[in-house]
Amino acid sequence: MTASPLATVRTVADLRAHVAAWRRQGLRVALVPTMGALHAGHLSLVSLARTRADRVIASVFVNPAQFGPNEDFAAYPRDEAGDAAQLAAGGCDLLFAPAASEIYPPGFATTVTTAGISESMEGLARPGHFAGVATVVSKLLIQAAPDVAVFGEKDYQQLQVIRRVAIDLDLPVEIVGAPTARAEDGLALSSRNAYLTAEERRVAGVLNVIMARAAGRIAAGDDIAAAEAEGRAAIEAAGFARIDYFETRAADDLRRLGPGVIDAPGRLLAAVLLGRTRLLDNRAI
Ligand code: PAF
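As the structure is a prediction and not an experimental result, all values here were calculated from the model. (Residues numbered from 1 in each chain as written. Predicted model: local features only at pLDDT ≥ 70, side-chain atom pairs only at ≥ 80, totals over all residues. Heavy atoms only, no water.)

Caption draft 1: Region of interest: the pattern of salt bridges. All chains considered together, the criterion is met by 22 salt bridges. Close ionic contact of Arg242 with Asp244 constitutes a salt bridge, the shortest N to O distance being 2.7 Å. Taking relative accessible area as the criterion, Arg242 reaches 41% and is therefore assigned partly exposed. Measuring nitrogen to oxygen at the nearest pair gives 2.7 Å for the salt bridge that ties Asp244 to Arg278. In this pair, Asp244 sits in strand β7 (residues 242-250) while Arg278 sits in strand β9 (residues 277-284), placing the two residues 34 residues apart along the sequence. Here the salt bridges share partners, and the residues they tie into one network are Glu122, Arg242, Asp244 and Arg278. (Salt bridge = Lys/Arg side-chain N within 4 Å of Asp/Glu carboxyl O. Buried < 20%, exposed > 50% of the residue type's maximum accessible area, 1.4 Å probe, protein only. Helix = DSSP H or I, 4+ residues; strand = E, 2+ residues; numbered from the N terminus.)

Caption draft 2: Main features of the environment of Ala194. Position of Ala194 relative to the elements: it lies in the loop between β6 (174-178) and α8 (198-219). Spatially, the C-alpha atoms of Ala194 and Glu228 are 28 Å apart, while their sequence positions differ by 34 residues.

Caption draft 3: Structural context of the packing of helix α1 (residues 12-24) against helix α6 (residues 129-144). Contact geometry for α1 and α6: axes closest at 8 Å, N-to-C directions at 50°. The angle between α1 and α6 falls in the class oblique. Only Ile142, Gln143 and Ala144 of α6 make contact with α1, whose side of the interface consists of Val12, Leu15, Arg16 and Val19. Tallied by class, residues from the contact of α1 with α6 come to five nonpolar, one polar and one charged. (Axes fitted to C-alpha atoms, helices over the stretch in contact; angles between N-to-C directions. Parallel < 35°, antiparallel > 145°, perpendicular 65-115°, else oblique. Contact = heavy atoms within 4.5 Å. Nonpolar A, V, L, I, M, F, W, Y, C, P; charged D, E, K, R; others polar.)

The values reported here are purely geometric and, on their own, carry no functional implication.
Here's what the structure looks like:
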């Protein structure tokens, strides 16, 4: 059976009209923000959203503000028709696909920035990235006013930044993290995996194996610095071009943990370069 075409809105006014109608019926609303190029990972966010609300909105917006000048904004994969078909089949009720001018109209001059939690790791590698994310996500949450919003744990630092923003700005929404969807060999699903050559794709699958070993050592009480050093050496030996970070951090505020044994719920986070593709992954400890 093919799903019927997904209702699509492009303006904040139309989005709000749909949400207001649902609210009049007493329905709970979830939002799943995305940049499109959807894969099974995004659909798992929609599935989780379905369990938490009566109606699910997905937004598809390739947010120029979160790309650096030398990043892949122009080349970022775009396929609205394909995304809409997948969302409809995945149980989404409404697609919000605004033009850039709807999100950033002429004269737009406001940026949401966070301190601390956004300054390490991706914040160092991609200056301005989290301000772009925090700004667009704040806007989407204010525009859709959902009861719950679902984000992938795959971008764990982003998830924690968004949680911080929602708390600090008193946004009346529950932020839910969804477990990372993985390919058969454990590679975290990402729209950017499409950039990998066949050989790179083979090597990419090794990252999560190395991370699982390091996370397991740390959880078992081994020295954090020693487990990280072994992990970094294994990544280099596997043929990755560069390690941006491979670090153990506190799961909540992302403060650095170690050296020594782990003394708080932790997260091992990594970003590595393979060919021209940056891969991110993380593991709970
Ligand atoms: O994770 C993403 O796809 C994006 O960073 C998000 C949260 C949709 C904001 O543009």
